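Structure assessment
Residue-level listing of the chains:
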Amino acid sequence: MAANIQQAFGEQLLRAAQVVEEQLDQEMNKLENLEEDDLEVIRRQRMEQMKKAQKDKIEMLSNGHGKYEEVADEKEFFDATKKSDRVVCLFYLPGNFRCKIVDKHFEILARRHVGTRFIHINAEKAHFLTNRLNIRVIPTIAIIVKQQTCDYIRGFDELGGKDEFTTEVLENRLARSEVITVEKKHVAPAKKKIIRSGVDEYDNEEDW
């Protein structure tokens, strides 16, 4: 009985190997039978893709991507969200220690994820925005995709509840909102409910 099972298993492996080999042979034949015109078309398509990617990158860099910048007021905030499909914005207060921690990480992430615009705005100069977006805790990170605010990170609760979180922790949290892209194996599903940080735990967080 065991010998029969082993034989059947061996035959299945052999058939699977034959199928894979046949598929590889078909792909090789396709490549070998490509005409010179076909190869030229492929080269042209590849060149057009590379040109478009380079043009898109230049346009993004001209719109402030690749660096972490402050927007002076609400008009500049809205201009940034109109020009860029993906924006991450820190609402800060001058002198707030935890805002400076976020600054450090955003400096790194802005260079790492050129496809996303990273900005910060002084909450004291953006009363309309803070009311509209219900900014009540500083620091708050707003995530904007295609001019729609889709997520918030309020305080450090979702970043481990401590000041000494790594850039990768913040990076993975942003990726859960699909405003940046990282390897999927590092990204956990986003929580639908966002918990507001408590001022009792964070003496440097500020109610706004």
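For the structure, see preceding data.
Now for a description of the structure that goes with this document. As a convention, each chain's residues are numbered from 1 in the sequence order in which they are written. It should be noted that, the model being predicted, local features are given only for residues of pLDDT at least 70 and side-chain atom pairs only at 80 or more, the latter also being counted only at that level, while totals for whole chains, interfaces and linings use all residues. Processing note: side-chain calculations cover all non-hydrogen atoms of the structure and skip hydrogens and water entirely.

Details of the overall build of the protein
- Helices and strands together make up the secondary structure of the protein, namely six helices and seven strands.
- For the protein, the sequential pattern of α-helices and β-strands runs α-α-β-α-β-α-β-α-β-β-β-α-β.
- Think of it in three bands: with a 1.4 Å probe and only protein chains considered, a residue is buried below 20% of the maximum accessible area for its type, exposed above 50%, and partly exposed in between. Looking at the 208 residues of the protein, the share that counts as buried comes to 34%.
- Any pair of residues with heavy atoms lying within 4.5 Å of one another is described as a contacting pair. Within the protein, residue pairs in contact and separated by at least 24 positions form 70% of the contacts whose partners lie at least 6 positions apart. Secondary structure elements follow DSSP: runs of H or I of four or more residues count as helices, runs of E of two or more count as strands, with numbering from the N terminus.

A look at helix 3 (residues 74-83)
- What helix 3 keeps buried is the set E74, F77, A80 and T81. Projected down its long axis, helix 3 carries its buried residues within an arc of 120 degrees, all on one side. Set apart from the buried face of helix 3 by more than 90 degrees, the exposed residues are K75, K82 and K83.
- Looking at the packing, one finds that the buried side of helix 3 touches strand 2 (86-92), strand 3 (117-122), helix 5 (127-132) and strand 5 (140-145). By arc we mean the arc of the directions from the helix axis to the C-beta atoms, nothing more.

Here we look at the sheet that holds strand 5
- Spatially, five strands are ordered 1-3-2-5-6 in an open sheet, and the strand pairing comes out mixed. Of all strands in the sheet, those with a lone pairing partner are strand 1 (68-70) and strand 6 (148-154), marking the two edges. The average angle at which neighbouring strand axes cross in this sheet is 25 degrees, direction not considered.
- The strands touched by helix 4 (residues 97-112) within the sheet are strand 1, strand 2, strand 3 and strand 5, with strand 2 carrying the most contacts at an inclination of about 160 degrees.
- On top of the sheet, helix 6 (residues 167-176) reaches strand 2, strand 3, strand 5 and strand 6; it is set at about 150 degrees to strand 6, its chief contact. When DSSP locates at least two bridges between a pair of strands, those strands are taken to pair. Only C-alpha atoms enter the line fits that serve as axes; for helices the fit covers just the stretch in contact. Angles between N-to-C directions range over 0 to 180 degrees.

Looking at the pattern of salt bridges
- Throughout this description, the term salt bridge denotes a Lys or Arg side-chain nitrogen within 4 Å of a carboxyl oxygen of Asp or Glu. Enumeration according to the criterion identifies nine salt bridges in this entry.
- Between R112 and E171 there is a salt bridge, with its nearest N and O atoms 3.1 Å apart. Of the two residues, R112 sits in helix 4 while E171 sits in helix 6, which places them 59 residues apart along the sequence.
- Three or more residues joined by partner-sharing salt bridges are found here, namely D151, E158, R173 and R176.

Re the packing of aromatic side chains
- Stacked, tilted and edge-to-face are the three classes applied to pairs of Phe, Tyr and Trp rings, where Trp contributes its six-membered ring and a pair requires centres within 6.5 Å; stacked means planes under 30 degrees apart, edge-to-face means over 60, and tilted covers the rest. Under the counting rule described, the total for this entry stands at five aromatic pairs.
- Ring plane angle 80 degrees and centroid distance 5.4 Å describe the contact between F77 and F78, whose orientation is recorded as edge-to-face.
- Here F156 and F165 contribute two aromatic rings whose centre-to-centre distance is 4.9 Å and whose plane-to-plane angle is 80 degrees, an arrangement assigned as edge-to-face.
- Taking the relative accessible area as the measure of exposure, F156 reaches 1% and is therefore buried.
- Classification of F165 by relative accessible area gives buried; the value is 5%.
- Aromatic ring contacts, followed pair by pair, group Y68, F106 and F118 into a single cluster.

Describing the side chain of R173
- With respect to the helices, strands and loops of the structure, R173 is situated in helix 6.
- Counted as a polar contact is a pair of N or O atoms within 3.5 Å, where, for protein atoms, one must be capable of donating a hydrogen and the other of accepting one, and residues adjacent in sequence contribute only when both atoms are in side chains. Of the polar contacts made by the side chain of R173, one reaches the side chain of E158; its length is 2.9 Å.

Comments concerning the pairing of strand 6
- With six bridges joining them, strand 5 and strand 6 adopt antiparallel strand pairing. Its bridge partner lying in strand 6, V145 is registered against Q148.
- Counting the residues between successive antiparallel strands, the hairpin from strand 5 to strand 6 contains two residues, one of them, K146, with a positive phi of roughly 55 degrees.

Some points on helix 4
- Every helix has an expected span of 1.5 Å times one less than the residues it contains. Between its terminal C-alpha atoms helix 4 stretches 24 Å, which fits the 22 Å expected from 16 residues at 1.5 Å a residue.
- Here the buried face of helix 4 lies against strand 1, strand 2, strand 3, strand 4 (137-138), strand 5 and helix 6.
- Between the side-chain oxygen at the start of helix 4 and the backbone nitrogen of R98 there is a gap of 3.1 Å, and the oxygen is on N96.

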